[in-house]
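Understanding the architecture of this molecule
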Amino acid sequence: MMIEAKGIVKAFGTLKVLKGIDFQAGKSEVVSIMGASGAGKSTLLQILGTLSTPDFGSLTIDGTDVLHLNRKEISHFRNRRIGFVFQFHHLLPEFTSLENVMIPALIAGRSEKEAAAKALELLDTLGLKERTGHKPSELSGGEQQRVAIARALVNNPAVLFADEPSGNLDSVTKTELHKLFFRLRDEFGQTIVIVTHDPDLAGMCDRTLFMKDGLFIDNQ
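Throughout what follows, the structure given in this document is the object of discussion. (Residues numbered from 1 in each chain as written. Predicted model: local features only at pLDDT ≥ 70, side-chain atom pairs only at ≥ 80, totals over all residues. Heavy atoms only, no water.)

**Focus: the packing of aromatic side chains**
Where two aromatic rings form a pair, the distance of their centres and the angle of their planes describe that pair. Spelled out, the test is: Here a Phe, Tyr or Trp ring, Trp counted by its six-membered ring, pairs with any other such ring whose centre lies within 6.5 Å, and the pair is stacked when the planes are under 30 degrees apart, edge-to-face when over 60, and tilted otherwise. Secondary structure is summarised from DSSP: a helix means a run of H or I of at least four residues, a strand means a run of E of at least two, and numbering begins at the N terminus for each. Think of it in three bands: with a 1.4 Å probe and only protein chains considered, a residue is buried below 20% of the maximum accessible area for its type, exposed above 50%, and partly exposed in between.
The tally for this structure, following the rule as stated, stands at two aromatic pairs. Seen in terms of ring centroids, F23 and F216 are 6.4 Å apart; in terms of plane orientation they differ by 40 degrees. Their pairing is tilted. Placement of F23 in strand β2 (residues 15-25) and of F216 in strand β10 (residues 215-217) is noted, with a sequence separation of 193 residues between them. Here F23 and F216 have matching classes, each one buried.

**Observations regarding the environment of R80**
Keep this limit in mind: What makes two residues a contact is simply this: any of their non-hydrogen atoms within 4.5 Å. We call two N or O atoms a polar contact when they sit within 3.5 Å, provided that within protein one can donate a hydrogen and the other can accept it, with sequence-adjacent residues counted only if both atoms are side-chain atoms.
Position of R80 relative to the elements: it lies in helix α2 (residues 71-81). Once residues within four sequence positions are removed from consideration, R80 is found in contact with A108, N155, N156 and P157. Of note is the side chain of R80, whose polar atom sits 2.8 Å from the backbone oxygen of A108.

**Comments concerning the side chain of E29**
Following the sequence through the fold, E29 ends up in the loop between β2 and β3 (30-35). Given the relative accessible area of 17%, E29 is considered buried. Here the side chain of E29 touches G26 through a polar contact of 2.9 Å, landing on its backbone nitrogen. Not counting chain neighbours up to four residues away, the residues in contact with E29 comprise R185, Q190, T191, I192, D206 and R207.

**Re the layout of surface pockets**
Empty space left among the atoms is revealed by rolling a probe the size of a water molecule over them. Keep this limit in mind: Buriedness for pockets is judged along seven lines, at least five of which must meet protein on both sides within 12 Å for an open set on the 1 Å grid over protein atoms alone, while cavities are sets there where a 1.4 Å probe fits but cannot get out, and lining residues have an atom within 4 Å of a point. Grid points are joined across faces, edges and corners, and a volume is the space filled by probe spheres set on the points. The residue classification treats Ala, Val, Leu, Ile, Met, Phe, Trp, Tyr, Cys and Pro as nonpolar and Asp, Glu, Lys and Arg as charged. All others, Gly included, are polar.
By volume, the largest pocket amounts to about 380 Å³. Lining the largest pocket are 17 residues, and of these N79, I82, F84, P104 and R151 lie nearest its centre. Where the lining of the largest pocket is concerned, the elements lending two or more residues are α2, β6 (82-86), α3 (97-107) and α5 (141-153). Partitioned by chemical class, the residues of the lining of the largest pocket number nine nonpolar, six polar and two charged. Space inside the second largest pocket adds up to approximately 160 Å³. If you trace the second largest pocket, you find it lined by S140, G142, E143, R146, T173, E176, L177, K179, L180 and R183. Put simply, the parts of the chain that give the lining of the second largest pocket at least two residues each are α5 and α6 (171-188). Counting residues per element, the lining of the second largest pocket draws most heavily on α6, which supplies six residues.

**Observations concerning the sheet that holds strand β4 (residues 56-61)**
So the rule is basically this: Two strands are counted as paired when DSSP detects at least two bridges linking them.
Pairing is antiparallel in the open sheet, where four strands are placed in the order β2-β1-β4-β5. Edge strands, defined here as strands with exactly one partner in the open sheet, are β2 and β5 (64-65). Pairing analysis gives two bridges linking β4 to β5, with the strands arranged antiparallel. Counterpart to T60 in the pairing with β5 is D65.

**A few points about the sheet that holds β10**
Strands pair in a sheet through their backbones, by hydrogen bonds, and they do so in one of two ways: parallel or antiparallel. Keep this limit in mind: Between N-to-C directions, angles span 0 to 180 degrees; the directions come from axes that are lines fitted to C-alpha atoms, helices contributing only their stretch in contact.
In spatial order, the strands read β6-β7-β8-β3-β9-β10; together these six strands make up an open sheet with mixed pairing. Two strands close off the open sheet at either side, each with one partner strand: β6 and β10. With strand direction ignored, the average angle separating the axes of adjacent strands in the sheet is 25 degrees. Sheet analysis places strand β9 (residues 207-212) next to β10, joined by three bridges and oriented antiparallel. By the bridge assignment for β10, K212 is matched with L215. Those strands touched by α2 are β6 and β7 (159-163), and its axis lies near 70 degrees from that of β6. The sheet strands contacting α5 are β6 and β7, and the helix crosses β6 at an angle near 165 degrees.

**Observations concerning the packing of α3 against helix α4 (residues 112-125)**
Stated formally: These descriptions rest on fixed angle ranges, namely under 35 degrees for roughly parallel, over 145 for roughly antiparallel, 65 to 115 for roughly perpendicular, and the rest for oblique. Should the near helix be turned anticlockwise from the far one by less than a right angle, the crossing is termed left-handed; should it be turned clockwise, right-handed.
Where α3 contacts α4, the axes come no closer than 8 Å and their chain directions differ by 125 degrees. In terms of their interaxial angle, α3 and α4 are classed as oblique. With respect to the hand of their crossing, α3 and α4 are arranged in right-handed fashion. From α3, S97, L98, V101, M102, A105 and L106 reach across to α4, where they touch E112, A115, A116, A119, L120 and L123. A per-class count over the contact of α3 with α4 returns 10 nonpolar, one polar and one charged.

This is how it looks when you write it as C-alpha cells:
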C-alpha cells in the first residue's frame, strides 16, 4: 500500500471531526473522497498529507511511519514525497510560472539549473510552454491551476493530494483538469487522493469513498 491510515481520530476542542478513520490507497490508484461540508474530508486530507497530526491513529506513506518523524524529518519527507493541489492555487504573485514551479525543487536542494530544467519539462507537458515567463495575474484560472499542479509534481512525489482542485473553474476548464489528473497518473505513476464535491470527477476515479460525520459510509 502507498498510504495506510488506521484509527485516525481528530478533535478540535469538544468537536470530534474524525472518529476512527481507516484509509488505504495503492500505488498509482486515484481515490476520491466525497461528502457534505463539515464531514471531515479536508481535515483527513491534511492529516494524510502530514500538514496536521491526528490525536490518535497510525499513518504509513510509501513505507514510512510518518507520525514518528520529528518536525525537520517530516518537512523533508513532505517536500520530496508529497505534492499538494488546492482549490486556491496559492501561487506567489511576484514570481513567474517557471519560478513558482522551481521553488519546491530549490527547497529540496536541487541546483537552479536542474530545478529550471524540471520545471520547464513539466510546464511543457501541461501545455504551458508559452506561459513560463508570465506571472499569475497574467494567467487564466485554468492556467494558474496547471502551474500549481506542475509545482506539486516538480519533486516527483509518490502521492498527490488535491482538495477541491476544480472548485473555482468553469465547466470546460474543469473537464480538462479532470482528464489531466488521469493523464498524470498514467505518465508519472502517482497515487492521487482527491477531495471533491464534483460527481463527474469522482466518477472518473478508481474508487470513491463517502464521508459523513467523521466516518466513511457506503464505500464503493
